[in-house]
Amino acid sequence: MAAIIQGIGAATALTSPNSLDIKKSFLSISPRSLSVRKGSSFVVSSDGRLSYGLNGRGGRAEHFITNAVAAKEDTAAASTSSKPGHELLLFEALREGLEEEMDRDPTVCVMGEDVGHYGGSYKVTKGLAPKYGDLRVLDTPIAENSFTGMGIGAAMTGLRPVVEGMNMGFLLLAFNQISNNCGMLHYTSGGQFKIPIVIRGPGGVGRQLGAEHSQRLESYFQSIPGIQMVACSTPYNAKGLMKAAIRSDNPVILFEHVLLYNLKERIPDEEYVLNLEEAEMVRPGEHVTILTYSRMRYHVMQAAKTLVNKGYDPEVIDIRSLKPFDLYTIGKSVKKTHRVLIVEECMRTGGIGASLTAAITENFHDYLDAPIVCLSSQDVPTPYAGTLENWTVVQPPQIVTAVEQLCQ
Amino acid sequence: MALSTSRRAINQFIKPLSSSVYATRRLTSDSTATITVETSLPFTAHNIDPPSRSITTSPNELMTFFSDMAEMRRMEIAADSLYKAKLIRGFCHLYDGQEAVAVGMESAITRKDCIITAYRDHCIFLGRGGTLLESFAELMGRKEGCSRGKGGSMHFYKKEGGFYGGHGIVGAQVPLGIGLAFAQKYSKEEYVTFAMYGDGAANQGQLFEALNMAALWDLPAILVCENNHYGMGTAEWRAAKSPAYYKRGDYVPGLKVDGMDVFAVKQACKFAKEHALKNGPIILEMDTYRYHGHSMSDPGSTYRTRDEISGVRQERDPIERIRKLILAHDIATEKELKDIEKEKRKIVDEAIAKAKESPMPDPSELFTNVYVKGFGVEACGADRKEVRATLP
């Protein structure tokens with residue numbers, strides 16, 4: 001793939017600030033992580049076309065990254081004492097990504113409940129309506145089924161709507177539109193229509209929001225053919241995935257989490273777009289592969305602190321892409337560690353973890369030294385009481401115990 | 001004897017002429033001549049002033065209407081036989097009897113206006129520029145079908161013709177249609193969208209949600225209810241408390257149209273387009289009838305009498321109405337019209353023969369068009385085994 005890296009700064013900025021931050025926020029990671037780190041690099045070729053993954057197929061071009069990292073370190077040393085990039089919260093990162101895409105492409109529009117004048121129930125679309133107008137940032141009535149359908153119809157003509165579900169759980173009302181029209185129209189029309197829509201919203205278990213507002217829709221949507229699902233977990237990947245989702249010609253469902261909106265991180269000033277199908281190596285390790293996404297990433301990293309103190313070396317991968325799974329990154333990790341622990345927020349039955357377990361078993365059975373352990377939420381409606389709610393989701397001590405048992 | 005030979009000679013002389021362009025032969029078939037027709041019934045209106053009953057047309061237009069509707073009728077009858085011969089499988093919903101709606105609508109609009117409908121879409125596809133070959137090939141699941149054989153009877157689409165399908169879940173196409181209208185308003189082009197649905201789907205909630213939004217934002221959407229009085233096997237009075245579908249929009253104006261009269265349909269659609277571009281949505285209720293059952297699995301006679309069907313066929317058939325008009329205005333002879341129908345029969349048979357020869361889709365087509373090429377599935381997913389990255 002003859003892709004030219006435009007703006008080495010962009011490519012390099014992807015790696016160093018993020019890994020520096022992760023170093024700060026979590027454990028001390030050995031310097032070798034910089035060279036091993038591949039993950040979220042993105043290349044914009046000179047004709048403006050996006051190429052996902054540096055070589056697109058299989059082999060990640062590690063030589064690009066290490067060179068770029070080395071170059072960046074030189075310039076970083078030479079630059080001023082102020083750190084590169086700017087600090088912001090996750091919802092601001094989402095907004096930044098959305099705004100940049102709306103500036104860049106006039107066909108990008110937003111629709112959802114209270115996204116316009118109110119600014120979004122989680123402030124993701126704050127300030128956009130005064131800037132772009134009421135038609136481009138559209139306040140819809142409470143009619144998920146039809147405004148999702150409306151977004152899909154608009155996408156058929158070439159617009160790129162970003163449909164917001166105020167809470168992912170409300171999108172159950174739009175299931176027909178998402179499954180039959182959004183996912184299948186490209187196929188049933190023989191390729192005539194593409195649906196470049198982004199459906200996004202917060203989901204997951206929050207702080208005592210009650211059963212109906214604590215749903216994990218990724219488990220329901222994962223079977224729909226024709227859609228892609230990604231879950232963001234940090235401001236850095238939130239902005240990158242938002243931009244990638246908008247630029248993608250496929251329908252993408254972007255899962256955010258209610259409790260992660262106020263995470264703060266320093267992200268690059270330069271423009272960057274992440275790869276939708278790629279997983280993120282959060283912490284390389286040797287003993288066990290822990291696969292996670294969204295909020296559970298933080299529970300895992302908390303458990304990782306304890307585990308390192310106990311002498312374990314977990315490899316933590318944020319899978320990010322829920323459909324399709326990045327079996328390349330996952331497979332490489334399994335080949336190295338031979339033990340897999342999946343930590344997810346979906347319920348045990350029919351969740352992302354269940355599918356991931358099946359996929360890994362089918363493809364990498366020979367590399368496994370122990371059965372895959374999948375820690376998921378309990379198969380119950382999320383209770384209101386705080387203590388009960390805590391017991392519904394996976395907590396760090398459970399992760400530590402699971403790793404200890406796996407590594408025996 | 002001499003008389004008959006001379007008549008035969010004359011006939012042989014005339015025949016080649018008659019098989020060529022009709023318009024040049026007859027006195028009144030001058031294409032610039034205008035004829036004024038009146039619709040069979042006046043329009044019934046809700047919250048709006050109805051358009052006039054008189055419409056001007058031309059002999060050319062009359063002949064085109066006849067020809068188009070004859071082709072559609074022939075196609076649907078042929079599809080019936082193909083289904084019984086098990087060349088078409090699954091669901092097949094036929095449109096014969098309702099041709100006037102498709103043809104009338106098409107004559108009032110351009111290809112940049114959008115049409116979206118549910119599963120009874122074969123004739124609308126034809127009206128939007130689809131070919132008979134694409135139709136039959138798609139019905140038989142062949143590669144040359146409009147959707148490459150992957151959609152089937154309920155999923156005909158024609159992007160260049162502004163035809164957005166072809167949808168299996170009734171009612172869901174109406175919000176899609178509102179989305180098309182939204183995009184038209186967004187891009188500030190002066191075009192409209194016709195979102196069609198049936199009397200059965202008229203009771204879907206998403207329709208009213210969509211109508212609310214269209215009215216709220218003045219979207220150029222026209223909701224067309226093709227009321228053939230039966231939602232599969234349930235008569236309209238058994239499914240709807242208020243079968244006056246054109247009134248169901250409440251604050252949205254509505255017009256009830258005789259859907260078996262192609263001129264009434266044309267007038268109503270022209271009127272609706274002007275209205276929608278200025279004032280937002282409007283509902284058109286087309287009072288029409290389908291001769292076949294709901295689909296090929298439905299005989300169509302368990303919930304209605306054969307007398308009713310034959311009664312409608314005798315009194316309101318759209319093609320017969322045009323035929324009478326053409327004969328009354330001396331635009332063509334009975335024989336010429338029959339020849340047109342024979343011609344249509346021939347081209348339909350040719351299209352079927354060609355479609356039968358068309359190959360089935362390649363097995364690799366199973367995985368194409370799931371995602372837009374170049375984006376999407378890179379590595380194996382738990383869902384599909386299309387290996388793009390070599391796993392370690």
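Note that the structure is a prediction, hence the values are computed from the model and not measured. (Residues numbered from 1 in each chain as written. Chains lettered and ligands numbered in written order. Predicted model: local features only at pLDDT ≥ 70, side-chain atom pairs only at ≥ 80, totals over all residues. Heavy atoms only, no water.)

Focus: the overall build of chain B
- The helix and strand tally for chain B stands at 12 helices and 10 strands.
- When burial is assessed residue by residue, chain B has 56% of its 392 residues classed as buried.
- Contacts in chain B between residues at least 24 apart in sequence constitute 72% of all its contacts with a sequence separation of at least 6.
- Counting only carbon and sulfur atoms, one obtains 54% of the accessible surface of chain B, whose full area is about 16900 Å². (Helix = DSSP H or I, 4+ residues; strand = E, 2+ residues; numbered from the N terminus. Buried < 20%, exposed > 50% of the residue type's maximum accessible area, 1.4 Å probe, protein only. Contact = heavy atoms within 4.5 Å. Areas by Shrake-Rupley, 256 points an atom, 1.4 Å probe, with all protein chains shown as cover.)

Brief notes about the overall build of chain A
- Along its length, chain A carries 15 helices and 16 strands.
- Expressed as a percentage of its 408 residues, the buried residues of chain A come to 63%.
- Sequence-distant contacts in chain A: of pairs separated by 6 or more residues, those separated by 24 or more amount to 82%.
- Entry remark: accessible area of chain A is about 14300 Å², with carbon and sulfur atoms responsible for 54%.

Topic: the pattern of salt bridges
- In this structure the tally under the stated criterion is 42 salt bridges over all chains.
- When the shortest N-O distance is used, the salt bridge between Glu 71 of chain B and Lys 344 of chain B registers 2.9 Å. A residue pair is termed long-range when its members are at least 10 positions apart, and Glu 71 of chain B in helix 2 (residues 59-84) and Lys 344 of chain B in helix 12 (residues 334-357) qualify at 273 residues.
- Connected through salt bridges with shared partners, the residues Glu 96, Glu 100, Glu 101, Arg 104, Lys 239, Lys 243, Arg 247 and Glu 271 of chain A form a single ionic network. (Salt bridge = Lys/Arg side-chain N within 4 Å of Asp/Glu carboxyl O.)

What to know about the nonpolar core
- Residues Phe 221 and Ile 360 of chain A together with Phe 182 of chain B are the most contacted members of the largest nonpolar core, which totals 81 residues.
- For this core, the element with the highest residue contribution is helix 6 (residues 173-186) of chain B, accounting for 8 residues.
- Excluding residues within four positions of it along the chain, Phe 221 of chain A makes contact with Leu 171, Phe 175, Ile 178, Ile 227, Met 229, Ile 253 and Phe 255 of chain A.
- Core analysis: the next-biggest nonpolar cluster, separate from the first, contains 73 residues, Ala 100, Ala 102, Ala 108 and Val 348 of chain B among them. (Core = buried A, V, L, I, M, F, W, Y, C linked by side-chain atoms within 4.5 Å.)

Details of the domain arrangement of chain B
Residues and elements named next belong to chain B.
- Split into domains, chain B comes out as domain 1 (33-360) and domain 2 (362-391).
- On the domain 2 side, the residues contacting the 4 residues of domain 1 number 4 residues.
- Summed over both partners, the interface of domain 1 with domain 2 buries about 330 Å², with 27% contributed by carbon and sulfur atoms.
- When residues of domain 1 are sorted by the area they lose upon contact with domain 2, Lys 143, Arg 148 and Lys 150 head the list and together hold 90% of the total.
- In this assembly, domain 1 and domain 2 are joined by 2 salt bridges.
- The residue Arg 148 makes a salt bridge to Glu 365 at a minimum N-O spacing of 3.5 Å.
- For the interface between domain 1 and domain 2, the tally reads 5 residue pairs in polar contact (both at pLDDT 80 or more).
- Residues of the side of domain 1 that touches domain 2, tallied by class, amount to 1 nonpolar, no polar and 3 charged. (Domains from an automatic or database assignment. Buried area = accessible area lost by both parts, 1.4 Å probe. Polar contact = N/O pair within 3.5 Å; in protein donor to acceptor, adjacent residues only side chain to side chain. Nonpolar A, V, L, I, M, F, W, Y, C, P; charged D, E, K, R; others polar.)

Regarding helix 3 (residues 99-108) of chain B
- Across the 10 residues of helix 3 of chain B, 9 count as buried, placing the element largely inside the fold.
- Within helix 3 of chain B, the full set of buried residues consists of Glu 99, Ala 100, Val 101, Ala 102, Val 103, Gly 104, Met 105, Glu 106 and Ala 108 of chain B.

Let's talk about the interface of chain A and chain B
- Listed as interface residues are 64 residues of chain A and, on the opposing side, 53 residues of chain B.
- For the pair chain A and chain B, the summed buried surface comes to about 4800 Å²; carbon and sulfur atoms form 65% of the total.
- Looking only at chain A, the three residues that lose the most surface to chain B are Leu 135, Tyr 187 and Gln 192 of chain A, adding up to 14% of its buried area.
- Taken together, the connections running from chain A to chain B amount to 0 salt bridges.
- If you look at where chain A meets chain B, you find 18 residue pairs in polar contact (both at pLDDT 80 or more).
- Residues that form the side of chain A that touches chain B fall into these classes: 27 nonpolar, 26 polar and 11 charged.

Concerning the confidence of the model for chain A
- Of all residues in chain A, 80% attain a pLDDT of 70 or more, and the chain-wide mean is 83.
- Note on residues 1-81 of chain A: pLDDT is under 50 here. Beyond four places in sequence and across chains, it has 113 contacts. (pLDDT = per-residue confidence, 0-100.)

Side note on unusual backbone geometry
- With omega at 0°, the peptide bond leading from Lys 323 of chain A into Pro 324 of chain A counts as cis.
- Examined against the element boundaries, Pro 324 of chain A turns out to sit in the loop between strand 14 (321-323) and helix 12 (327-337).
- A cis amide bond links Gly 165 of chain B to the next residue, Gly 166 of chain B, at an omega of 20°.
- A positive phi angle is found at His 229 of chain B, which is not glycine, with a value near 75°.
- Within the element layout of this structure, His 229 of chain B appears in the loop between strand 6 (221-227) and strand 7 (230-231).
- Here the phi dihedral of Asp 250 of chain B falls at roughly 60°; this positive angle occurs in a residue that is not glycine.
- Position of Asp 250 of chain B relative to the elements: it lies in the loop between helix 8 (236-239) and strand 9 (254-258).

Describing the domain arrangement of chain A
All names here are of chain A.
- What the domain assignment reports for chain A is domain 1 (85-268) and domain 2 (280-407).
- The distance between the C-alpha centroids of domain 1 and domain 2 comes to 26 Å.
- When the buried area of domain 1 at its contact with domain 2 is split by residue, Gln 208, Arg 216 and Gln 222 rank highest and sum to 27% of it.
- For the pair domain 1 and domain 2, the number of links is 0 salt bridges.

Digging into the sheet that holds strand 10 (residues 282-287) of chain B
Residues and elements named next belong to chain B.
- The 6 strands lie next to each other as 2-9-10-6-5-4, forming an open sheet whose pairing is mixed. Looking along the sheet, the strands with just one partner apiece sit at the ends: strand 2 (44-46) and strand 4 (114-116). Averaged over all pairs of adjacent strands, the angle between strand axes in this sheet comes to 20°, irrespective of strand direction.
- In this sheet, strand 10 lies alongside strand 6 in parallel orientation, the contact comprising 6 bridges. Along strand 10, the bridge assignment pairs Cys 225 with Glu 285. (Pairing = 2+ DSSP bridges. Axes fitted to C-alpha atoms, helices over the stretch in contact; angles between N-to-C directions.)

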